[in-house]
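Below, each chain spelled out in residue letters.
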Amino acid sequence: MGNMKHIVVTGGAGFIGSHTVAALQQEGFAVTVLDNFSNSDPSVIGRIGQITGQCPALAEIDLRDRDAVFSFFREAGADAVIHFAGFKAVGESCLHPLDYFHNNIGGTVNLLAAMDAAGCKRIVFSSSATVYGDKNPVPFVETMPTGAANPYGRTKRVIEEMLSDMTASDPAWSAAALRYFNPVGAHPSGLIGENPNGIPDNLVPYIAKVACGELEALRVFGNDYDTPDGTCLRDYIHVCDLAKGHICAMRYLAEHTGFETVNLGTGRSASVLEVLHAYETACGRKLPYVIAPRRPGDIPRMQADVRKAKRLLHWSAESDLVTMCRDSWHFTIMQKERRESHAVHRHQGVSEG
Ligand code: NAD
Ligand code: UFG
């Protein structure tokens, strides 16, 4: 990939972005993280540096600031972009759809225009399995019709279509929309991982808080679905496998123009109770749970057809569910220790001062 040296990663301080930045650096790429830290902490940049031996460059920019994005790309000399930046909470998107259209779609319009003006015409985009909607049978194949059940999902569909239009309008453009299934786990170093503020919406971060005693019990949203144990099935994928998938997609774009959508999942699925039990194995004890009513909007089964990722990107996921849970648990403990030692230092600072 001699023609791809400098990669700009929007949202590179976030959960999936930070793992991808570390993987890119370890493959020898020069990386600039473009982030406004609206859902991440600047300390992540230093932690990536601890993993890779060098901090990535940082551009603290909001993609909604068109002038800032343009002037950044005029100077950056970027060869390609991996675009993670965006809001991602389904419930919030139903309450504040305009914020989602503004940040996700508006931010992407600014990004693509600035890239176009600078002659940087390769992009990998974070799409989601949510674009398959609730009408398709599993496993989901890229050729299936898409649908969106909420404004968040709609932003992903619209951006996929924007990328398709861009590549059709100019043969120099190449774009891949990667449809992630359920990314979980953390870097095995315990230095970076998923760290949502407040009470988590998603299953694995919630179980992690039960395991470390911050929440009382997992609420299992429904055990009367038409699935083997009555709880919903999802295709959970280790975030480090996902990160590697982005590097394979970059390699693909170095050789091909046009637009592709590709599923990134394992091709297997696990139920809510299976995930809970895998986490019990990882943390070494039984975890309390209660059966709660179904969560509105959940669909019973999601699972990727992974043949296109294998064929096109020569990529497939490797980690199993217990490894995902073990790495999540390791990160959770290390994060707790970091918070506690930070609090002790602050306290000492106050009493000494
Ligand atoms: P995240 O919130 O941890 O990371 C997103 C990053 O983007 C954050 O660091 C945030 O500060 C930054 N950001 C947001 N708006 C910005 C803006 N206007 N300008 C600059 N930076 C901005 O999310 P994540 O879980 O790492 O997800 C990354 C991408 O993958 C998102 O686009 C998300 O929709 C998509 N995705 C995530 C999942 C998942 O379950 N985590 C599943 C499917 C798709
Ligand atoms: N669940 C519980 N209890 C909880 C949290 C979740 O039982 O406290 C269940 C859910 O009902 C669901 C399963 O665990 O059956 C997984 O739920 P998540 O919230 O972890 O993930 P989703 O599949 O609902 O959605 C996630 C992202 C979406 C994305 C989708 C596909 O939140 O943005 O994966 O990528 F679109």
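See the structure printed just above.
An account of the accompanying structure is given in this report. (Residues numbered from 1 in each chain as written. Chains lettered and ligands numbered in written order. Predicted model: local features only at pLDDT ≥ 70, side-chain atom pairs only at ≥ 80, totals over all residues. Heavy atoms only, no water.)

### Observations concerning helix α9 (residues 272-283)
And step 1. Along its 12 residues, α9 runs 17 Å from first to last C-alpha, staying within 8% of the 16 Å computed at 1.5 Å per residue.
And step 2. Extensive coverage of α9 is indicated by the burial of nine of its 12 residues.
And step 3. The set of residues buried in α9 consists of Val272, Leu273, Val275, Leu276, Ala278, Tyr279, Glu280, Ala282 and Cys283.
And step 4. Downstream of α9 by a residue or two, glycine 284 has a phi angle that is positive, lying close to 80°. (Helix = DSSP H or I, 4+ residues; strand = E, 2+ residues; numbered from the N terminus. Expected span 1.5 Å × (residues − 1). Buried < 20%, exposed > 50% of the residue type's maximum accessible area, 1.4 Å probe, protein only.)

### What to know about the site of ligand 1
And step 1. Looking at ligand 1, there are 27 residues lining it, with Asp35, Asn39, Ser40, Asn103 and Tyr152 nearest.
And step 2. In the environment of ligand 1, an oxygen atom lies 2.9 Å from a nitrogen or oxygen atom belonging to the backbone of phenylalanine 15.
And step 3. Lysine 156 places a side-chain nitrogen or oxygen 2.9 Å from an oxygen atom of ligand 1.
And step 4. Out of a free accessible area of 820 Å², ligand 1 has 95% covered by protein chains.
And step 5. Considering every element that reaches the shell around ligand 1, the biggest residue donor is strand β5 (residues 122-128), with three residues.
And step 6. A class-by-class count of the residues in the shell around ligand 1 yields 11 nonpolar, 11 polar and five charged. (Near = heavy atom within 4 Å. Polar contact = N/O pair within 3.5 Å; in protein donor to acceptor, adjacent residues only side chain to side chain. Areas by Shrake-Rupley, 256 points an atom, 1.4 Å probe, with all protein chains shown as cover. Nonpolar A, V, L, I, M, F, W, Y, C, P; charged D, E, K, R; others polar.)

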